[in-house]
Amino acid sequence: MTNTKTQRKKNNEKLYKKIRNTSSWGSTVVYLLMIILFIAMLVVLAGFVLQYFVETKYAEGYSEIEHTARLYEMGSDDKKVMEYIESGDSDFYVTDQNGKIIYRKGKDTRTDTSGKVSFLNGEESYTLYVDSETDFLYVDNDSNLRLSVGKFIEWFTDVADDEDAKVPVWVNISLSGGRKLVGKMYFIITKRDTILVVELMSAFLAIVIVFCVLAFVRIIRSVVNYRRVVRLFYSDPTTGGHNWNWYVRYGDERINSLRRKKESFAVVNIVFRNYRNYCLCHSMAEGEDLLAEINYQLSQELGKDEMCAHATMSNFAMLLKYKSEQQLRERLDGFIEKLRGIESEHNFDFQIGADLIPPKVNDGGKIVRRKGRSVENAYNNACAARAELGETEESGVRIFDNALFEQQRWRDIVQQHQYNALKNEEFVVYYQPKYDPRTNALKGAEALVRWDSPEFGFVTPGRIIPIFEKNGFITEIDHYMLKHVARDQKAWLDEGYECVPVSVNVSRAHFIETDLAQQIRDIVDAAQCPHGLIEIELTESAFFDDKKAMIATIRKLKEYGFAVSMDDFGAGYSSLNSLKDMPLDVLKLDADFFRGENAGQRGEIVVSEAIRLAKSLDMRTVAEGIEQKDQVDFLAQQGCDMIQGYYFAKPMPKNEYTEKMSRSDSAQNDAHTEMQ
Ligand code: C2E
Ligand code: MG
Ligand code: MG
């Protein structure tokens, strides 16, 4: 099944949200995070490399002094060994178990600043003392010897130009017998080391720069692409202006914004009435050019914060600011005048509906922000107001008001309750009898629906049928009515009443169903009601739908033995042509023939000719809405077969109608005997 409109709308909104969520900001943040992560990784890596470098150098220096310590321990009594030690680079001194210096070589440049350092494997830690010549080593709060990076780099760059740089540090090494050797070790940075470090760091830096440039290009491209997608999403291909998505998105924002809370906004629907005809007479392309021109002209009228978009077909949506209703009306009239002047050789018509959104005032009389007002709802109201101007081609302006609001509220109520009402059998069948005007005998009846609602009271069809016709529920009602009428007829037959055919209205909405005749037959058969007791009424307007399908359905209905009538003949457009093609049994003359301007001599001529025409086509006639005696006499004279009107009877509940029917004698006798 294809998606419904609401589903499509939801999908569209989802898509839009996705686009928004993956907006350039989103991807920019992601890219920035990636860059930061990458740089952090490089810094950590560089840190590891540096640490490895430094610690390796420490280890080298340490192994030298440790070597000296071991030599001293092995040969402190051996002159040769001591000579060998004396010739070495290392300065050191040795203390006995009491801390008394027992041997010294070179100068003691050690300071009091000391701390622990653990090397790469982390298993051993050494207490190191800062040498007075170096100031980039310090001890942190945890008594660890640390390098002051800034000072180190300063020193490093100073020594880098010279030969190898030697950084002295003092270390404690335990000897046997509680003795200790405190020696000066060197942290040697060769020229090669400096070149290596500089090269390594430059490589890291180059990678970071390349990565940043690539990421930056990517960010710029995604921003540009996002803008393009948004432009596509919001632009209207027909007019080149904005589309409905844009209108809803920014319209909501505009009317709900804090900054504009004091402004009065009007949500406006403008329809170019002649669009279809214009396209038919010219071409689709020219029609679209005209829409583009209308959009342009309307856009020219916009002030600050106002909006215009092409909504659907020949509908435009606007958001306008207004000072007073009168001023808005004048402005909208001005729009119509302007638009009508687009092509002087055509007489174009534009209908406008508007819903007013004044500032919102709280209980304390203070103007507050209009939170949650939906431009879409307001636009629907504007459309409803515009629809009130009718299907005429005339231009006009209509503002959504309380009456329309009530109408919509009622429509919503009906829609909410319709299925439950059907389930609870709240819809009741009223019967309006049809009489022979010459003999005053009951000849038939029409079944008319009423809604006996426990909540809303007794509701007449005029208040529900148009709603059901629009929302499609009418098919359920018609089936429901047919089922109940067929059951009633069957029950009356069984009770011995002389049943007359009862006509049931079938809405035009049914005619898209190709098996309509079979459905009707099945419903009637289920009630075991003879087909001759059911007549099907089709309203005149239905005859303008698919003619071929209509003829096929009427033929089938007749084949099954149902009579078919044309309801409301003469109410709308002339349906003489339909009479020619449709094999109908009954023609129901609309009540309009007998009312107001239509009545009178000319009206009588039309009615008598219509009756004559029906007779020649072998059709029976029913006159609807007859309220007066002289009308009955006239119709009797003209040979009208039946009269349905208040003169004889109003639509009535089943029990009252039952009383109007007569019983066959035998049945009456049977019933009488049964009672005795
Ligand atoms: P309709 O089928 O043309 O029914 C005739 C309408 O004229 C009925 O209005 C009836 O009460 C009214 N009427 C009959 N005689 C007179 C009269 O002398 N004076 C006046 N003023 N009115 C008279 P009702 O019952 O309000 O129904 C209105 C319309 O609603 C019907 O017009 C029909 O089109 C529709 N309708 C009613 N029930 C159903 C239904 O079950 N299915 C469908 N599809 N439509 C229905
Ligand atoms: Mg009818
Ligand atoms: Mg009628």
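### Some words on the sheet that holds strand 2 (residues 101-105)
No. 1: Strand order across the open sheet formed by six strands is 2-1-8-7-4-3, with antiparallel pairing between neighbours. The open sheet terminates on both sides in strands that have one partner only, identified here as strand 2 and strand 3 (110-118). Sheet twist, expressed as the mean angle between neighbouring strand axes with direction ignored, is 30°.
No. 2: Looking at chain direction, strand 4 (residues 125-131) and strand 7 (residues 165-174) are connected through three bridges and run antiparallel. Paired with Leu128 across the bridge in strand 7 is Val171.

### Section: the site of ligand 1
No. 1: Glu446, Asp478, Asp567, Glu627 and Tyr646 are the nearest of the 24 residues found near ligand 1.
No. 2: The side chain of Asp478 places a nitrogen or oxygen atom 2.7 Å from a nitrogen atom of ligand 1.
No. 3: One of the side-chain N or O atoms of Arg595 is found 3.4 Å from a nitrogen atom in ligand 1.
No. 4: With the chains in place, 81% of the 790 Å² that ligand 1 exposes on its own is no longer accessible.

### As for the pattern of salt bridges
No. 1: A complete count under the given rule lists 31 salt bridges for this structure.
No. 2: A salt bridge links Glu73 to Arg70; its shortest N-O distance comes to 3.1 Å. Of the two residues, Glu73 and Arg70 are both situated in helix 2 (residues 24-75); the distance of three residues between them amounts to about one turn of the helix.
No. 3: For Asp108, the salt bridge identified is with Arg110, shortest N-O distance 4.0 Å.
No. 4: Accessibility expressed as a relative area gives 29% for Arg110, which makes it partly exposed.
No. 5: Among the charged side chains, a network of salt bridges with common partners joins Lys434, Glu446, Glu535, Glu537, Lys588 and Glu624.

### A word on the coordination of the magnesium ion (ligand 3)
No. 1: Here the magnesium ion (ligand 3) is held by Asp567 (OD), Asp568 (OD), Glu624 (OE) and Glu624 (OE), and the distances to it run 2.0 to 2.4 Å.
No. 2: Between the magnesium ion (ligand 3) and the magnesium ion (ligand 2) the interatomic distance comes to 3.9 Å, and Asp567 is a ligand of both metals. With Asp568 in strand 21 (residues 563-569) and Glu624 in strand 23 (residues 620-624), the pair connects residues that are 56 residues apart, well separated along the chain.
No. 3: Its relative accessible area of 11% is what places Glu624 among the buried residues.

### Points about the coordination of the magnesium ion (ligand 2)
No. 1: At this site the magnesium ion (ligand 2) is bound by Glu446 (OE), Asn505 (OD1), Glu537 (OE) and Asp567 (OD), with donor distances of 2.1 to 2.2 Å.
No. 2: Sequence positions of the residues that donate to the magnesium ion (ligand 2) give the spacing E-x58-N-x31-E-x29-D.

### Section: the environment of Asp289
No. 1: With respect to the helices and strands, Asp289 occurs in helix 8 (residues 284-300).
No. 2: The spatial distance from the C-alpha of Asp289 to the C-alpha of Lys107 is 99 Å, given a sequence separation of 182 residues.

### Some remarks on a nonpolar patch on the surface
No. 1: A contiguous nonpolar patch, built from Val29, Leu32, Leu33 and Ile36 and spanning about 380 Å² of accessible area, is present on the exposed surface.
No. 2: Of note, Ile36 is situated in helix 2.

### Quick notes on the sheet that holds strand 9 (residues 265-272)
No. 1: Reading across from one edge, 10-11-9-12-15 is the order of the five strands in this open sheet, with mixed pairing throughout. The strands lining the two open edges of the sheet, one partner per strand, are strand 10 (307-312) and strand 15 (396-399). Ignoring which end each strand starts from, the neighbouring axes of this sheet average 20° apart.
No. 2: Lying on the sheet, helix 9 (residues 325-340) is in contact with strand 9, strand 11 (315-321), strand 12 (350-357) and strand 15; it crosses strand 12 at an angle near 155°.

### Notes on empty space enclosed by the protein
No. 1: In the structure shown here, the tally under the stated rule is one cavity of 30 Å³ or more.
No. 2: Estimated volume of the largest cavity: approximately 40 Å³.
No. 3: Along the walls of the largest cavity sit Asp478, His479, Leu482, Val504, Val506, His510, Leu516 and Ile520, which together make up its complete lining.
No. 4: Those elements giving two or more residues to the lining of the largest cavity turn out to be helix 13 (474-494), strand 19 (502-506) and helix 14 (516-526).
No. 5: Here the element with the most residues in the lining of the largest cavity is helix 13; it accounts for three residues.
No. 6: Residue composition of the lining of the largest cavity, by class: five nonpolar, two polar and one charged.

### Observations concerning the packing of aromatic side chains
No. 1: Using the criterion set out here, one finds 31 aromatic pairs in the structure.
No. 2: Ring centres of Phe427 and Tyr480 lie 6.1 Å apart, and the angle between their planes is 80°; on these two criteria the pair is classed as edge-to-face. Highlighted residues: Phe427 in strand 16 (residues 427-435) and Tyr480 in helix 13, separated in sequence by 53 residues.
No. 3: Within the aromatic cluster, the residues linked to one another by ring pairs are Trp410, Tyr419, Phe427, Trp451, Phe456, Phe468, Phe473 and Tyr480.

### Some details on the domain arrangement of the protein
No. 1: Once the domains are mapped, the protein shows domain 1 (40-202), domain 2 (244-400) and domain 3 (416-664).
No. 2: For domain 2 versus domain 3, the distance between C-alpha centres works out to 42 Å.

### Some remarks on the packing of helix 14 against helix 15 (residues 547-559)
Helix-helix packing is described using two parameters, namely the angle between the two axes and the distance between the axes.
No. 1: Running from N to C, helix 14 and helix 15 point in directions that differ by 30°, and their axes come no closer than 8 Å. By the criterion of interaxial angle, the relationship of helix 14 to helix 15 is roughly parallel. In the packing of helix 14 onto helix 15, the handedness of the crossing is right-handed. Contacts between helix 14 and helix 15 involve Leu516, Ala517, Gln518 and Ile520 from the former and Thr553, Lys556 and Leu557 from the latter.
No. 2: Split by residue class, the contact of helix 14 with helix 15 holds four nonpolar, two polar and one charged.

Analysis parameters
Residues numbered from 1 in each chain as written. Chains lettered and ligands numbered in written order. Predicted model: local features only at pLDDT ≥ 70, side-chain atom pairs only at ≥ 80, totals over all residues. Heavy atoms only, no water. Pairing = 2+ DSSP bridges. Helix = DSSP H or I, 4+ residues; strand = E, 2+ residues; numbered from the N terminus. Axes fitted to C-alpha atoms, helices over the stretch in contact; angles between N-to-C directions. Near = heavy atom within 4 Å. Polar contact = N/O pair within 3.5 Å; in protein donor to acceptor, adjacent residues only side chain to side chain. Areas by Shrake-Rupley, 256 points an atom, 1.4 Å probe, with all protein chains shown as cover. Salt bridge = Lys/Arg side-chain N within 4 Å of Asp/Glu carboxyl O. Buried < 20%, exposed > 50% of the residue type's maximum accessible area, 1.4 Å probe, protein only. Donors = N, O, S within 2.8 Å, 3.2 Å for Na, K, Ca; no water. Patch = residues over 30% accessible without salt bridge, like charges linked within 9 Å, V, L, I, M, F, W, Y side chains within 5 Å. Contact = heavy atoms within 4.5 Å. 1 Å grid on protein atoms, 1.4 Å probe; cavity = no way out; pocket = protein on both sides within 12 Å on 5 of 7 lines; lining within 4 Å. Points joined across faces, edges and corners; volume = space filled by probe spheres on them. Nonpolar A, V, L, I, M, F, W, Y, C, P; charged D, E, K, R; others polar. Phe/Tyr/Trp six-rings, centres within 6.5 Å; stacked < 30°, edge-to-face > 60°. Domains from an automatic or database assignment. Parallel < 35°, antiparallel > 145°, perpendicular 65-115°, else oblique. Left-handed = near helix turned anticlockwise from the far one by under 90°.

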